[in-house]
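For reference, the chains in residue letters:
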Amino acid sequence: MDMIAISFFVIYLGAMLAIAVYAYGRSKRTSEDYFVASRSIGPVVLFLSMAATNFSAFTFFGFAGAAYKFGLAYYGIMAFGTGLMALSFFFLGRQIWRLGKEHGYITPPELIGDRFRSDSLRMIFLAVMVVFTLPYIATQAIGGGIALTQLTDGEISYEFGAVLVTVVVVAYVAIGGMRADAYTDVLQGVMMLVTLLAAVGIVSAGLGGFTEANTRLAEEFPELVSRPGGLEYFTPQIWMSFMLLWLFCDPMFPQLFVRFYGARDERSIKLSMVMYAPITAIIFICPVLIGAWGNLQFPGLTGSQPDQILPMMVGEFAPGWILGIMLAGAFAALMSTADSQLLVLSSMLTRDVYKKWIKKNASQTHEFIVGKILVVALALMSLAIALTSVETLFETLTKTTFTGLAVLFPTTVAALYWKRANKWGCMSSIVAGEAVYMGFYFNVLPASLAGGFLPVVPVMIAATATLIAVSVLTSPRSAPGG
Amino acid sequence: MKNKWFWAAAFSLLFVLSIDVWAWDWSWPTLFGLPYIVTYIIVLEAALFALYLLFARYYWTDDGGEA
């Protein structure tokens, strides 16, 4: 166990808690302040918070592993796809921010339910967001457990690592809410960027230089530098599918959706949109390069082994304490996502369930306390998932999360822009979209039906067509709440 | 610059350019030994950044108004 690495890690965790205490000192002890920081997040903090929240443990481990298998073309899928997705900050984020400010919305289902004057739709929207987000919090705890085990050469168990990460995240979210979440995101975002760039420098130097590493890769693994990629995975249909998947699903991540509410003004959202292209261009190239280069040093990895390629490569060319700092960057990535997910799920259960159905006259202070209790309860639930073997359900939900959440996209667009849409159309759209996706996932529907595209394409066609058809065939909605 | 169809066309064109089927199997090395696909995506990202800047400056005004 490298004590320098451990010390760095302890300082990092201490810094997170110190930031939370600072955020608590600036808080107003109301639910609006706790869940959306009193809609006061400025441009730079909002941008870094958006980025840190969006880039999770998967950015460090999953991207590198995918690039190991499929090659450098994976960069385009992630970088350009996510960069283009930021256009939704204009056509969704701006409207969500305006309506949130005007009507005091704090959660995504509040906006949807109020626009269509439907508690049923609000509950369906809530259920989809909770079902597909909770397993992802567990994923972050699992990532933390694995990373801490690596950091200590197995001297600290996976279980202890998962518990430690969860406890620290719960502590700073419970103390400081969205304000602490956003402030810690700034530090975590910077840490991610710096450690990933440093990792590229270290690994490329170890391989004989940046140009040399790329030249060797092209000579020894030519398929990994081509557009079709390893296993010729990337076809034009797959490429288009991923572009559409990010566009539809990313804004439907509840932790990103509520950040639009938290913005101080439109300028803050605008800056986030503009800066998303350069940040995705820089952040995503790092794990993808290291993952592809991994074939030069560790050829023939199979199964889930490629997901460990980034720490393996850094560990190969750098002393243990540097690997420790790199893993702290991975912790930053996963914690910045887990804290936001915990907070948003807590806000939804507080506002859309507790206040809506159990205690309608709850004050903001009361909601603030209930929200904190729910943060702890949700964290314990996700930890239980991470520590027990419910793999079938867990893996299914995790693998279906992106498309599962994308199904909410047509309903959200209709809520913001289409006056003829009604609750029947939206509820039918969500049910039809999820049903079609489950049909593909469980092989009830043949894969050939997707025509070479990922299931997200037929799923979105089904969800959109159902929304339009049912809305047109049923009565128009009553005047929305805005 | 104040017309929404102009921006719809500009972003759509960029999306279509990302699916450069005419160069699907190009893989020759470019700057720093990076293959064509990586350099091409970096260029597209730079173009996207420039478009966002112009979009924010000329279309998405601070009062939220558009043409």
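None of these values were measured; they are calculated from a predicted model.

Draft legend 1. Expanded view of the overall build of chain A. Scanning chain A from N- to C-terminus turns up 20 helices and zero strands. Relative to a compact globule of 482 residues, whose C-alpha radius of gyration would be 23 Å, chain A shows 22 Å and is just as compact. The dimensions of chain A, computed from C-alpha atoms along their principal axes, are 65 × 55 × 45 Å. Looking at chain A as a whole, 60% of its 482 residues are labelled buried. Considering only contacts in chain A between residues 6 or more positions apart, those separated by 24 or more positions represent 83%.

Draft legend 2. Local environment of unusual backbone geometry. A positive phi is found at Arg29 of chain A, a non-glycine position, where the angle reads about 60 degrees. Inspection of the secondary structure assignment puts Arg29 of chain A in the loop between helix H1 (3-25) and helix H2 (31-36). Exposure remark for Arg29 of chain A: the 12 C-beta atoms within 10 Å place this residue in the exposed category. Although it is not a glycine, Phe32 of chain B sits at a positive phi angle of roughly 55 degrees. Among the structural elements, Phe32 of chain B can be located in the loop between helix H1 (4-18) and helix H2 (36-58). By C-beta crowding, Phe32 of chain B is classed as partly exposed, having 15 other C-beta atoms within 10 Å.

Draft legend 3. The arrangement of the packing of H1 of chain A against helix H15 (residues 320-358) of chain A in detail. Residue and element names in this part refer to chain A. H15 packs onto H1 with a crossing angle of 25 degrees between their chain directions and a minimal axis gap of 8 Å. As far as their axial angle goes, H15 and H1 are roughly parallel. Crossing of H1 against H15: the hand is right-handed. Taken together, the residues of H15 that come into contact with H1 (itself represented by Ile4, Ala5, Ile6, Phe8, Phe9 and Tyr12) are Gly320, Trp321, Leu323, Gly324, Ile325, Ala328 and Phe331. The residue inventory of the contact of H1 with H15, partitioned by class, reads 11 nonpolar, two polar and no charged.

Draft legend 4. Representation of the confidence of the model for chain B. Across chain B, the average pLDDT comes to 86, with 91% of residues at or above 70. Reported for the predicted complex are a pTM of 0.90 and an ipTM of 0.91.

Draft legend 5. Examining the interface of chain B and chain A more closely. Contacts between chain B and chain A engage 28 residues on the former and 34 residues on the latter. Those elements that place two or more of their residues in the side of chain B that touches chain A are H1 and H2 of chain B. Take the side of chain B that touches chain A: its biggest share by element is 11 residues, from H2 of chain B.

Draft legend 6. Just the nonpolar core, in detail. Of all hydrophobic cores here, the largest spans 196 residues; its most connected members are Leu72, Tyr75 and Ile290 of chain A. Considering every element that reaches this core, the biggest residue donor is helix H9 (residues 158-206) of chain A, with 20 residues. Contacts of Leu72 of chain A, omitting those with residues within four sequence positions, involve Ala67, Leu224, Val225, Val288 and Ala292 of chain A together with Pro35, Ile37 and Val38 of chain B.

Draft legend 7. The arrangement of the confidence of the model for chain A in detail. In this model, chain A carries an average pLDDT of 88, and 96% of its residues clear a pLDDT of 70 or more. At the level of individual helices and strands, chain A shows its lowest average pLDDT in helix H17 (residues 391-406) of chain A, which scores 70, and its highest in helix H18 (residues 409-417) of chain A, which scores 97.

Draft legend 8. Region of interest: the packing of H15 of chain A against helix H16 (residues 364-387) of chain A. All names here are of chain A. In contact at an axis separation of 8 Å, H15 and H16 are set at 125 degrees when each is read in the N-to-C sense. Judged on the interaxial angle alone, H16 and H15 are oblique. H16 is crossed by H15, and the crossing has right-handed handedness. In this structure, H15 contributes Leu342, Leu343, Leu345, Ser346, Ser347, Leu349, Thr350, Arg351, Tyr354 and Lys355 to the contact, and H16 contributes Glu367, Val370, Gly371, Leu374, Val375, Leu378 and Ala379. Partitioned by chemical class, the residues of the contact of H15 with H16 number 10 nonpolar, four polar and three charged.

Draft legend 9. Focus on the domain arrangement of chain A. Residues and elements named next belong to chain A. For chain A, the domain assignment lists domain 1 (3-389) and domain 2 (407-482). Summarising the inter-unit geometry, the C-alpha centres of domain 1 and domain 2 are found 27 Å apart. Counting from both sides, the interface comprises 26 residues of domain 1 and, opposite them, 24 residues of domain 2. Of all the secondary-structure elements, those providing two or more residues to the side of domain 1 that touches domain 2 are helix H6 (88-103), helix H7 (108-115), helix H8 (119-151) and helix H11 (236-249). Top contributing element to the side of domain 1 that touches domain 2 by residue count: H11, with seven residues. For the side of domain 1 that touches domain 2, the residue count by class is 15 nonpolar, seven polar and four charged.

Analysis parameters
- Residues numbered from 1 in each chain as written.
- Chains lettered and ligands numbered in written order.
- Predicted model: local features only at pLDDT ≥ 70, side-chain atom pairs only at ≥ 80, totals over all residues.
- Helix = DSSP H or I, 4+ residues; strand = E, 2+ residues; numbered from the N terminus.
- Rg over C-alpha atoms; globule rule 2.2 N^0.38 Å.
- Buried ≥ 20, exposed ≤ 12 C-beta atoms within 10 Å, placed from the backbone.
- Contact = placed C-beta atoms within 7 Å.
- Axes fitted to C-alpha atoms, helices over the stretch in contact; angles between N-to-C directions.
- Parallel < 35°, antiparallel > 145°, perpendicular 65-115°, else oblique.
- Left-handed = near helix turned anticlockwise from the far one by under 90°.
- Nonpolar A, V, L, I, M, F, W, Y, C, P; charged D, E, K, R; others polar.
- pLDDT = per-residue confidence, 0-100.
- Core = buried A, V, L, I, M, F, W, Y, C linked by C-beta atoms within 7 Å.
- Domains from an automatic or database assignment.

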